[in-house]
Amino acid sequence: MGTSDKHAPLKTVPLEDKTSIGARLAESLKATRRPVLVIMFGKQMGQSQKLEGTVTVGRDPGAEVALTDPSVSWHHARIEPRGDEWVVVDLGSTNGTFVNATKVTERVLVPTDRIAFGSVVARYELQDALTQAYDDGVARMLNIDELSGLYVGRRFDAEMEAMLLAARASGGKAGLLVMDLDGIKAINDTHGHLFGAYVIGEAGHVIGKLVEGRGVATRFGGDEFCAALPGLGVAETAAVGGEILAAIGSNRFEKDGVLLHPGISIGAAAFPESAKDSASLFQRADEALYRAKRGGKNRVCL
């Protein structure tokens, strides 16, 4: 390769449809901008709430913006429309509401204002469609595990904490499944880690489909999963575990013409039958998982 070739700039790929790209940008500038509250700091970082009417912010699970951080009051603040403006109103919160580091009882918001509810910080924005799409993409990267399509651990923990808050407030229940795939080491050793990763990701999607509409799930380790199920006791939670066991067993795991046959061991527990807080609830479900492992694997234990 000659010297001139070595230092030649990389070619730019021409766009085939320059007009539509330009039109899309122009339309985004003309489009109606909608008010949005985006969590910037806290357990629920990346979540957003479109403002279409008065919303309450607080630890109350029934709040439109439900925040699980203990520094946030049960009914901390509200954000309400007043004509063409949006106003944040503190509701007598313990730790106060701050806008751009200034404590307020009431304040008209302007775009890019930072609002602190206790230690949770949110940003007030007016978003067009492109900005909304960007924020949605960022939120997905922050909250969704790329391999399995399930929540990342941080987002799952926040959702589970909110679930337990709601159960305590209403005298209800909440189930937890802790799951570990069986046979991944053998698949890795026989076929390579890409095959193991495929099985883990596919299993996550199977779990996600079964849990969708009934609760939330996460991949919290290499081949370990959790699912939180509001309103369910131990027996009902174990029954969902049985559905997942059957679905994994009947799913066709095939990569590059190779059929793979993983199993799954599952432990079930529930609030308040098994434990009264999230850490103890996980421990009870994890102990049940180990009983499933010791009992021969590929089964559900309480």
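Thresholds, definitions, all that
Residues numbered from 1 in each chain as written. Predicted model: local features only at pLDDT ≥ 70, side-chain atom pairs only at ≥ 80, totals over all residues. Heavy atoms only, no water. Helix = DSSP H or I, 4+ residues; strand = E, 2+ residues; numbered from the N terminus. Contact = heavy atoms within 4.5 Å. Salt bridge = Lys/Arg side-chain N within 4 Å of Asp/Glu carboxyl O. Buried < 20%, exposed > 50% of the residue type's maximum accessible area, 1.4 Å probe, protein only. Pairing = 2+ DSSP bridges. Axes fitted to C-alpha atoms, helices over the stretch in contact; angles between N-to-C directions. Parallel < 35°, antiparallel > 145°, perpendicular 65-115°, else oblique. Left-handed = near helix turned anticlockwise from the far one by under 90°. Nonpolar A, V, L, I, M, F, W, Y, C, P; charged D, E, K, R; others polar. Polar contact = N/O pair within 3.5 Å; in protein donor to acceptor, adjacent residues only side chain to side chain.

Colleague: Run through the environment of Val 88, naming residues and quoting values.
Modeller: Along the chain, the position of Val 88 falls in strand 6 (residues 85-90). Residues Val 88 and Ala 66, spaced 22 residues apart in sequence, show a C-alpha to C-alpha distance of 16 Å. Ignoring anything within four residues of it in the chain, the contact list for Val 88 reads Ala 77, Arg 78, Ile 79, Thr 97, Val 99, Val 104, Thr 105, Glu 106, Arg 107, Leu 109, Ile 115 and Phe 117.

Colleague: Please provide a residue-by-residue account of the pattern of salt bridges, values included.
Modeller: Counting across every chain of the model gives 13 salt bridges. For Glu 80, the salt bridge identified is with Arg 82, shortest N-O distance 2.7 Å. Given the relative accessible area of 13%, Glu 80 is considered buried.

Colleague: Lay out the sheet that holds strand 4 (residues 65-66) with the relevant residues and their values.
Modeller: The strands that make up a sheet pair up through hydrogen bonds in the backbone, lying either parallel or antiparallel. Within the open sheet, the five strands sit side by side as 4-3-5-6-9. Their pairing is mixed. Where the open sheet ends on each side, the last strands, each with one partner, are strand 4 and strand 9 (106-108). The pairing of strand 6 with strand 9 spans three bridges and is classified as antiparallel. Residue pairing for strand 9: Val 89 is matched across the bridge by Glu 106.

Colleague: Describe in detail the packing of helix 6 (residues 193-211) against helix 7 (residues 234-250), supporting the description with residues and values.
Modeller: Pairs of packed helices are described in terms of their axes, by the angle between the two and the distance that separates them. Running from N to C, helix 6 and helix 7 point in directions that differ by 140 degrees, and their axes come no closer than 10 Å. Considering the angle they form, helix 6 stands oblique to helix 7. When the axes of helix 6 and helix 7 are compared, the crossing they make is right-handed. Residue-level inspection shows Ala 203, Val 206, Ile 207, Leu 210 and Val 211 of helix 6 in contact with helix 7, the latter providing Glu 243, Ile 244, Ala 247 and Ile 248. In the contact of helix 6 with helix 7, the residues fall into eight nonpolar, no polar and one charged.

Colleague: Which residues make up the side chain of Gln 44, and what values go with them?
Modeller: Mapped onto the secondary structure, Gln 44 falls in the loop between strand 1 (34-41) and strand 2 (48-50). Relative accessible area serves as the criterion here: at 7%, Gln 44 is assigned to the buried category. At 2.7 Å, the side chain of Gln 44 and the backbone oxygen of Ala 66 are in polar contact. Those residues within four positions of Gln 44 in sequence are excluded, and the remaining contacts are Ile 39, Ala 66, Leu 67, Thr 68, Arg 154 and Ala 158.

Colleague: Which residues make up the environment of Pro 262, and what are the values?
Modeller: Locating Pro 262 in the fold gives a position in the loop between strand 16 (258-260) and strand 17 (263-271). The exposure class assigned to Pro 262 is buried, which follows from its relative accessible area of 10%. In this structure the C-alpha to C-alpha distance between Pro 262 and Ile 248, which are 14 residues apart in sequence, comes to 7.7 Å. Setting aside residues up to four positions removed in sequence, Pro 262 forms contacts with Asp 182, Ile 187, Val 199, Ile 248 and Phe 253.

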